[in-house]
Amino acid sequence: MAADAAGADRLSPAALPLFRELGDLKRIHSATAPGSIAERLFVSGWAALVRGDAPAQVMAQVVGAALVSSRLGDLDLAALQALGAGDGAVDVLARAFDAMTADLDPSLRARLRRALTQGRPTPGATPAFVGKLARQPRAGVTCPGAPRIVLQPAENHAEHCLMVAVYGVLASPWHGADPVRVFLAGMAHHLHNADMPDSGYSGEMLLGDLLEAVIERAREASLDELAAANPALAETIREALAPIAGDQTPEARAFHVADVLDRVLEIEQHLRAARLSMGIVLDEYGLVHYGPVKAFHDRILADAGLA
């Protein structure tokens, strides 16, 4: 996944397994807190930005945590330390990170790896739009003149924005883009959906000439909330969003790699799940895995006709 010396686009099918695995953060939950890991990283990332943490630091913490959490789930730095892992907690995170990132751009990889010692961003107060995006479901598959295809469980806009931010950072070296600006654009690109329920492509076409004005008004409401909490950050977000209406800048191109891949891979995930077979689960994934009673477990499954 690294860029060549000229910074050329290196997106290929070889990148998709990593993106697919990261995308499942939308579906990983635990007893630690409500919401998926993707949703909670979105919320804590915004909390860190609003309280004034450096965007570069927040980017590295969030993306590093996402990569680690794809393998460890909610066994993050804080959880491992609370369970007595001590100084070994960072080593565990590093092993998970290394297992995920062999093909990343070396400079970006080193930058993200250094952030593992900081753990996930600390939760805190956020403007109202952050919670609204976490409650606002995505439209699903829509097309003008056709009924909506609803796939459950539905992702929400916080989850989508988080994954676009993460994917965009990973795609940044392919286009010579600033990963921090791409990260901010990903985190903010659906601000308008805090107040604008998602009716998808079909709804956008029905709005017609009103579409741009409605989106602009809804986006401005969220940016006004942000400006009240952190005026400098609101201006930085405006600057990060400005180029993504097109694909002329390196940051816009990296953003659009992330946005379109997340939109399509989210639907692909539902299709992959529908094709899952017991052979894959038992033979390839070793659901009944090695252990002292493995032979007896195998006999149970054979006797039950499940193996």
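Residues numbered from 1 in each chain as written. Predicted model: local features only at pLDDT ≥ 70, side-chain atom pairs only at ≥ 80, totals over all residues. Heavy atoms only, no water.

Draft legend 1. Summary view of the overall build of the protein. Counting its regular elements, the protein contains 15 helices and two strands. What you see for the protein is a C-alpha radius of gyration of 21 Å, in line with the 19 Å of a compact globule of 307 residues. The C-alpha extent of the protein, read off along each of the three principal axes, is 65 × 50 × 40 Å. A total of 307 residues make up the protein; the buried ones form 45% of that total. In the protein, 74% of the contacts between residues at least 6 apart in sequence involve partners at least 24 apart. Summed over its atoms, the accessible surface of the protein is roughly 15,000 Å², and 58% of this surface lies on carbon and sulfur atoms. (Helix = DSSP H or I, 4+ residues; strand = E, 2+ residues; numbered from the N terminus. Rg over C-alpha atoms; globule rule 2.2 N^0.38 Å. Buried < 20%, exposed > 50% of the residue type's maximum accessible area, 1.4 Å probe, protein only. Contact = heavy atoms within 4.5 Å. Areas by Shrake-Rupley, 256 points an atom, 1.4 Å probe, with all protein chains shown as cover.)

Draft legend 2. The pairing of strand β2 (residues 146-149), seen in detail. Pairing geometry for strand β1 (residues 141-143) and β2, over two bridges, is antiparallel. Its bridge partner being in β2, Val141 is matched across the sheet by Ile149. As consecutive antiparallel partners, β1 and β2 are separated by two residues, and within that stretch Gly145 has a phi angle of approximately 85°, a positive value. (Pairing = 2+ DSSP bridges.)

Draft legend 3. View of the nonpolar core. Leu22, Trp46, Leu67, Leu112, Leu170, Phe183 and Ile237 are the most contacted members of the largest nonpolar core, which has 76 residues in total. By residue number, the principal contributor to this core is helix α8 (residues 157-175), which donates 12 residues. The contact partners of Phe183, leaving out residues within four places of it in the chain, are Val58, Met59, Val62, Val63, Ala165 and Val169. (Core = buried A, V, L, I, M, F, W, Y, C linked by side-chain atoms within 4.5 Å.)

Draft legend 4. Structural view of unusual backbone geometry. For the bond running from Gln152 to Pro153, omega is 0°, close enough to zero to count as cis. Relative to the elements of secondary structure, Pro153 occurs in the loop between β2 and α8.

Draft legend 5. Inspection of the side chain of Gln136 at higher detail. Its place among the elements puts Gln136 in the loop between α7 (128-135) and β1. According to the relative accessible area criterion, Gln136 is buried, its value standing at 13%. At a separation of 2.8 Å, a polar atom in the side chain of Gln136 contacts the main-chain carbonyl oxygen of Asn193. Beyond its immediate stretch of four places on either side in the chain, Gln136 contacts Asn156, His157, Asn193, Ala194, Met196 and Pro197. (Polar contact = N/O pair within 3.5 Å; in protein donor to acceptor, adjacent residues only side chain to side chain.)

Draft legend 6. Representation of the side chain of Thr101 in the model. With respect to the helices and strands, Thr101 occurs in the loop between α5 (88-100) and α6 (106-114). In this structure Thr101 touches Leu67 and Arg109, once residues within four positions along its chain are discounted.

Draft legend 7. The layout of surface pockets, seen in detail. In this structure, the largest pocket spans a volume of roughly 1,200 Å³. Arg138, His190, Glu204, Asp259 and Arg263 are, among the 42 residues lining the largest pocket, the residues nearest its centre. Put simply, the parts of the chain that give the lining of the largest pocket at least two residues each are β1, β2, α8, α10 (200-207), α11 (211-229) and α13 (250-274). Taken together, the residues of the lining of the largest pocket break down into 20 nonpolar, 13 polar and nine charged. The computed volume of the second largest pocket comes to approximately 340 Å³. (1 Å grid on protein atoms, 1.4 Å probe; cavity = no way out; pocket = protein on both sides within 12 Å on 5 of 7 lines; lining within 4 Å. Points joined across faces, edges and corners; volume = space filled by probe spheres on them. Nonpolar A, V, L, I, M, F, W, Y, C, P; charged D, E, K, R; others polar.)

Draft legend 8. Molecular detail of the pattern of salt bridges. Throughout the structure, instances matching the rule amount to 21 salt bridges. The salt bridge involving Arg113 is made with Asp98; its shortest N-O contact spans 2.9 Å. In this pair, Arg113 is assigned in helix α6 and Asp98 in helix α5, connecting sequence segments 15 residues apart. On the basis of relative accessible area, Asp98 is assigned to the partly exposed category, the value being 28%. (Salt bridge = Lys/Arg side-chain N within 4 Å of Asp/Glu carboxyl O.)

Draft legend 9. Quick peek at the packing of α11 against helix α12 (residues 231-241). Where α11 meets α12, the closest approach of the two axes is 6 Å, and the angle between their N-to-C directions is 145°. In this structure, α11 uses Arg219, Glu220, Leu223, Leu226, Ala227 and Ala229 to contact α12, whose residues at the interface are Pro231, Leu233, Ala234, Ile237, Arg238 and Leu241. (Axes fitted to C-alpha atoms, helices over the stretch in contact; angles between N-to-C directions.)

Draft legend 10. View of empty space enclosed by the protein. Counted by the stated rule, this structure contains two cavities of 30 Å³ or more. Estimates place the volume of the largest cavity at around 90 Å³. Forming the boundary of the largest cavity are 13 residues, of which Ala65, Val68, Leu93, Gly119 and Arg120 lie nearest the centre. In terms of residues, the lining of the largest cavity owes the most to one element, helix α3 (residues 55-72), which gives five residues. Across the lining of the largest cavity, the residue classes tally to seven nonpolar, four polar and two charged. Taken as a whole, the second largest cavity holds about 50 Å³ of empty space.

Draft legend 11. Layout of the environment of Leu108. Turning to its location among the elements, Leu108 is positioned in helix α6. By relative accessible area, Leu108 is classed as buried at 6%. When near neighbours in sequence (up to four residues on either side) are disregarded, Leu108 contacts Val169, Leu170 and Pro173.

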